[in-house]
Amino acid sequence: MSIRFSVFSIKGGVGKSTIAYQLAKELSKRYRVTLVDRDYTNTVSRYYGLRTGLINSLVDGVEGPYLAEDGNLRVISLVSFQPSSIPSAEELANFYFPLLKDSDILITDNPPGVDEISKLELKAYYLSARELRCYCLWVTTPGISLDLTLREMNDVARALTSAVPSMDLRLLSLIVNMVKEGTKLPELPLPHITIPFYRDLLFKGFHSVEIKEIKEVADLAEGVIRNAVPEERRSTGGGVGRFEFKLTLALNSNT
């Protein structure tokens, strides 16, 4: 199965989907990447013209595309609105696994916090992978959002591991986004990347502005990938098999 990276936030409006999309595009230059849009705002899905979600199609029979291909990047809209019922993890896995099995990297763009669909997606993925390690990127902005993230991120981690007890959840980095010039950040107890405020994003859109710091995020991801994917398999096919990761920093459950 793929190496999994999940992009989280505690609140909306912090640029989480922008980070997820730009990271996926950067990594797709060298790997086969699947980006799963789990956020009800459907920021990435709408850009690709996806008007429904896999779960909406499965449960409610909603017609329309929920998958798009863009070179080495595959985008899946998982849900575009609250379904009338929640399918079992087994039901979702039957449809989900074929869409993921030939990817080197899976990136999930999650909604703020955690909800039942987040847990369902994780369970369905686990049923396919049978073992699970997830590298987490937490996106926030300075001020109250940063305080909330530091205080509540472990609650999200515990909720997810309660859904899949064997889940190995690891922190890749905290991303402090939209930092305006002159902003002083507190001393942070976690590894972090700071991204300045890009004014052009307001006018040109998340897909049209290059965020230079994304390469720094991609370098962190590739540190994991290099330990997991043999050189000859990085762009030529075959998927990712069993491996041992060497990144050891995990979320602090005592926070």
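Here, the structure is the one placed above.
Please read these numbers as outputs of a predicted model, since none were measured by experiment.

Colleague: Mind showing me how you'd approach the nonpolar core here?
Modeller: Soluble globular proteins tend to pack their nonpolar side chains together in the buried interior. By size, the foremost hydrophobic cluster in this structure holds 41 residues, and its most contacted members are Tyr96, Trp138 and Met167. Elements that contribute at least two residues to this core include exactly α3 (54–60), α4 (89–100), α5 (116–129), β6 (133–140), α6 (144–163) and β7 (168–179). Sorting elements by how many residues they give to this core places α6 first, with seven residues. Counting 39 residues, the second-largest nonpolar core is a separate cluster that includes Ile107, Ile193, Val209 and Ala221.

Colleague: Explanation requested: the packing of α4 against α5 in the structure shown.
Modeller: Geometry of a packed helix pair, given as the angle between the helix axes and the separation of the axes. The contact between α4 and α5 brings their axes to 8 Å, and the two run at 65°. Taken together, the axis directions place α4 and α5 in an arrangement best described as roughly perpendicular. The way α4 lies across α5 gives a crossing that is right-handed. On α5, the residues that touch Ala89, Glu90, Leu92, Ala93, Tyr96, Phe97 and Leu100 of α4 are Leu120, Glu121, Lys123, Ala124, Tyr125, Leu127 and Ser128. Considered class by class, the residues forming the contact of α4 with α5 number 10 nonpolar, one polar and three charged.

Colleague: What should I look at first to understand the pairing of β6 in this one?
Modeller: On a regular strand, each side chain points to the face opposite its neighbour's, so the side chains alternate between the two faces of the sheet. Among the eight residues of β6, seven are classified as buried, and the element is accordingly described as predominantly covered. Across five bridges, strand β1 (residues 3–8) lies against β6 in parallel orientation. Looking across to β6, one finds that Phe8 is bridged to Trp138. Examined bridge by bridge, β6 and β7 share eight bridges and lie parallel to one another. In the sheet register, Cys134 faces β7, and the bridge partner there is Leu169. As a crossover connection, the stretch from β6 through α6 into β7 is right-handed.

Colleague: Hey, could you run me through empty space enclosed by the protein in this one?
Modeller: The method is simple in principle: a probe with the dimensions of a water molecule rolls over the atoms, and the space it marks as empty is what remains. A complete count under the given rule lists one cavity of 30 Å³ or more for this structure. If you trace the largest cavity, you find it lined by Arg4, Ser6, Phe8, Asn110, Ser118, Glu121, Leu122, Cys134, Leu160 and Met167. For the lining of the largest cavity, the secondary-structure elements that each account for two or more residues are β1 and α5.

Colleague: What exactly am I supposed to notice about the side chain of Ser118 here?
Modeller: Structurally, Ser118 can be placed in helix α5. In this structure the side chain of Ser118 is engaged in a polar contact, spanning 2.7 Å, whose partner is the side chain of Asp115. In this structure Ser118 touches Arg38, Asn110 and Pro111, once residues within four positions along its chain are discounted.

Colleague: Any chance you could explain the sheet that holds β1 here in plain terms?
Modeller: Within a sheet, each strand pairs with its neighbour through backbone hydrogen bonds, oriented either parallel or antiparallel. Strand order in the open sheet formed by eight strands is β3-β4-β2-β5-β1-β6-β7-β8, and the pairing between neighbours is mixed. The open sheet has two free edges, formed respectively by β3 (67–70) and β8 (192–196), since each of these has just one partner strand. If you compare each strand with its neighbour and ignore which way they point, the axes differ by 20° on average.

Colleague: How do you make sense of the pairing of β7 when you look at a structure like this?
Modeller: Most of β7 is tucked away: 10 of the 12 residues are buried. Taken together, the four bridges between β7 and β8 define a ladder with parallel strand orientation. Residue pairing across strands places Ile175 opposite Ile193, the latter belonging to β8.

Colleague: Looking at this model, I keep getting lost on α4. Mind explaining?
Modeller: Helical geometry note: an α-helix holds 3.6 residues per turn, so side chains three or four residues apart project in the same direction. In this model α4 runs 15 Å from its N-terminal to its C-terminal C-alpha over 12 residues, within 8% of the 16 Å that 1.5 Å per residue would give. Ala89, Leu92, Ala93, Tyr96, Leu99 and Leu100 are the residues of α4 that are buried. The buried residues of α4 all sit within an arc of 130° when viewed along its axis, so they share a single face. In the core, the buried residues of α4 are packed alongside β2 (33–37), α3, β3, β4 (73–77), β5 (105–109) and α5.

Colleague: Just checking my understanding: could you explain the environment of His207 for this structure?
Modeller: Note that His207 resides in the loop between α7 (201–204) and α8 (214–228). Since its relative accessible area comes to 33%, His207 is described here as partly exposed. For the pair formed by His207 and Val44, sequence separation is 163 residues and the distance between their alpha carbons is 8.9 Å. A distance of 2.9 Å separates the side chain of His207 from the side chain of Ser208, its partner in a polar contact.

What counts, and where the lines are drawn
- Residues numbered from 1 in each chain as written.
- Predicted model: local features only at pLDDT ≥ 70, side-chain atom pairs only at ≥ 80, totals over all residues.
- Heavy atoms only, no water.
- Core = buried A, V, L, I, M, F, W, Y, C linked by side-chain atoms within 4.5 Å.
- Buried < 20%, exposed > 50% of the residue type's maximum accessible area, 1.4 Å probe, protein only.
- Helix = DSSP H or I, 4+ residues; strand = E, 2+ residues; numbered from the N terminus.
- Axes fitted to C-alpha atoms, helices over the stretch in contact; angles between N-to-C directions.
- Parallel < 35°, antiparallel > 145°, perpendicular 65-115°, else oblique.
- Left-handed = near helix turned anticlockwise from the far one by under 90°.
- Contact = heavy atoms within 4.5 Å.
- Nonpolar A, V, L, I, M, F, W, Y, C, P; charged D, E, K, R; others polar.
- Pairing = 2+ DSSP bridges.
- Right-handed = clockwise from strand over helix to strand, strands pointing away.
- 1 Å grid on protein atoms, 1.4 Å probe; cavity = no way out; pocket = protein on both sides within 12 Å on 5 of 7 lines; lining within 4 Å.
- Points joined across faces, edges and corners; volume = space filled by probe spheres on them.
- Polar contact = N/O pair within 3.5 Å; in protein donor to acceptor, adjacent residues only side chain to side chain.
- Expected span 1.5 Å × (residues − 1).
- Arc of directions from axis to C-beta.

Nothing here speaks to function; it is all geometry.
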